Amino acid sequence: TEEELLPVIHKVGESVDRVNVQLDKVDRVTDSAVDMAESAERSAAQRLGHFQGQVRIAEGKLDELEQFRMAYQQQWIDKGASGVSGQWLMNYQRFLNQLETAVGQQRKSLAWHQDNVEKARGAWQQAYARVEGLRGNFQAGERLVEEAESEADDGAVAKVRIELERGRLYRSSG
């Protein structure tokens, strides 16, 4: 009868309301987790951009040093044809050695900056995969994890981080 069903319907309605309140709480927590992951991803992207800028600067300095060295070596060709003193030759070779040292140091600096870019790129890929996983875009997240895996060095730390991110992604996917 209708009188018997009304209390049941009322209780079901209250239960549904409580479930909806709990779902709202879950949504707020999930939104908060996504916001935090997006913030971490933005930070990782900014860091990657910074390191890419450092590589461009290091490449520019190396290029300038190499151009200067070529111009300096041209002096030997120009002056050597007309004859030079022993003192001039000693000074020339001393400075050329210093220039070679500077070029070598700049190459090492460039390699260091390039290594930083690769590490920052891996960190960004992981952060982006985390965001995609939290958004429910698991295929994109897995693609990013696979990309990071293919670009990572053979170090144990990189492998562990990639597997942790893969685990987070799978856990988020249910």
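Basis of the calculations
Residues numbered from 1 in each chain as written. Predicted model: local features only at pLDDT ≥ 70, side-chain atom pairs only at ≥ 80, totals over all residues. Heavy atoms only, no water. Helix = DSSP H or I, 4+ residues; strand = E, 2+ residues; numbered from the N terminus. Expected span 1.5 Å × (residues − 1). Buried < 20%, exposed > 50% of the residue type's maximum accessible area, 1.4 Å probe, protein only. Core = buried A, V, L, I, M, F, W, Y, C linked by side-chain atoms within 4.5 Å. Contact = heavy atoms within 4.5 Å. Phe/Tyr/Trp six-rings, centres within 6.5 Å; stacked < 30°, edge-to-face > 60°. Axes fitted to C-alpha atoms, helices over the stretch in contact; angles between N-to-C directions. Parallel < 35°, antiparallel > 145°, perpendicular 65-115°, else oblique. Left-handed = near helix turned anticlockwise from the far one by under 90°. Nonpolar A, V, L, I, M, F, W, Y, C, P; charged D, E, K, R; others polar. pLDDT = per-residue confidence, 0-100. Salt bridge = Lys/Arg side-chain N within 4 Å of Asp/Glu carboxyl O.

**Some thoughts on helix α3 (residues 138-151)**
Quick reminder: α-helices carry 3.6 residues per turn. Residues three or four places apart thus point the same way.
Part 1: Its 14 residues place the ends of α3 20 Å apart at the C-alpha level, agreeing with the 20 Å of an ideal helix rising 1.5 Å per residue.
Part 2: Inspection of α3 places Ala140, Gly141, Glu142, Leu144, Val145 and Ala148 among the buried residues, and these make up the whole buried set.

**A word on the nonpolar core**
Part 1: Formed by Leu48, Phe51, Val55, Ala58, Leu62, Val103, Leu110, Val117 and Ala120, the largest nonpolar core amounts to nine residues.
Part 2: Those elements giving two or more residues to this core turn out to be α1 (2-80) and α2 (86-134).
Part 3: Of all the elements, α1 adds the most residues to this core, at five residues.
Part 4: Beyond its immediate chain neighbours, meaning those up to four positions away, phenylalanine 51 contacts Asn116, Val117 and Ala120.

**A word on the packing of aromatic side chains**
Part 1: Within this structure, the stated rule accounts for eight aromatic pairs.
Part 2: Here tryptophan 88 and tyrosine 92 contribute two aromatic rings whose centre-to-centre distance is 5.2 Å and whose plane-to-plane angle is 15 degrees, an arrangement assigned as stacked. Taken as a pair, tryptophan 88 and tyrosine 92 lie in helix α2 at a separation of four residues, close to a single helical turn.
Part 3: Here a set of aromatic residues connected by ring pairs shows up, and it is made of Phe68, Tyr72, Trp76, Trp88, Tyr92 and Phe95.

**Let's talk about the environment of tyrosine 128**
Part 1: The topology assignment puts tyrosine 128 in helix α2.
Part 2: Sequence separation between tyrosine 128 and alanine 37 is 91 residues; the distance between their C-alpha atoms is 8.1 Å.
Part 3: Ignoring anything within four residues of it in the chain, the contact list for tyrosine 128 reads Glu41 and Leu144.

**A closer look at the packing of α2 against α3**
Part 1: For the pair α2 and α3, interaxial distance at closest approach is 8 Å and the crossing angle is 165 degrees. Classified by the interaxial angle, the pair formed by α2 and α3 is roughly antiparallel. Crossing of α2 against α3: the hand is left-handed. Here Arg121, Gln125, Tyr128, Ala129, Glu132 and Gly133 of α2 lie close against α3, whose contacting residues are Phe138, Ala140, Gly141, Leu144, Val145, Glu147, Ala148 and Glu151.
Part 2: Taken together, the residues of the contact of α2 with α3 sort by class into seven nonpolar, three polar and four charged.

**Regarding the confidence of the model for the protein**
Part 1: Looking at the protein as a whole, the pLDDT averages 83, with 83% of positions reaching at least 70.
Part 2: Mean pLDDT across the elements of the protein ranges from a minimum in helix α4 (residues 156-173), with 68, to a maximum in α2, with 92.

**Points about the side chain of glutamate 132**
Part 1: With respect to the element layout, glutamate 132 can be found in helix α2.
Part 2: Beyond its immediate sequence surroundings of up to four residues, glutamate 132 is in contact with Asn137, Phe138, Ala140, Gly141 and Leu144.

**Some remarks on the pattern of salt bridges**
Part 1: Applying the stated criterion across every chain, the model contains four salt bridges.
Part 2: With a shortest N-O distance of 2.6 Å, glutamate 66 and arginine 107 are connected by a salt bridge. Here glutamate 66, found in helix α1, pairs with arginine 107, found in helix α2; they are 41 residues apart in sequence, far enough to count as distant.
Part 3: The salt bridge involving glutamate 100 is made with arginine 69; its shortest N-O contact spans 3.1 Å.

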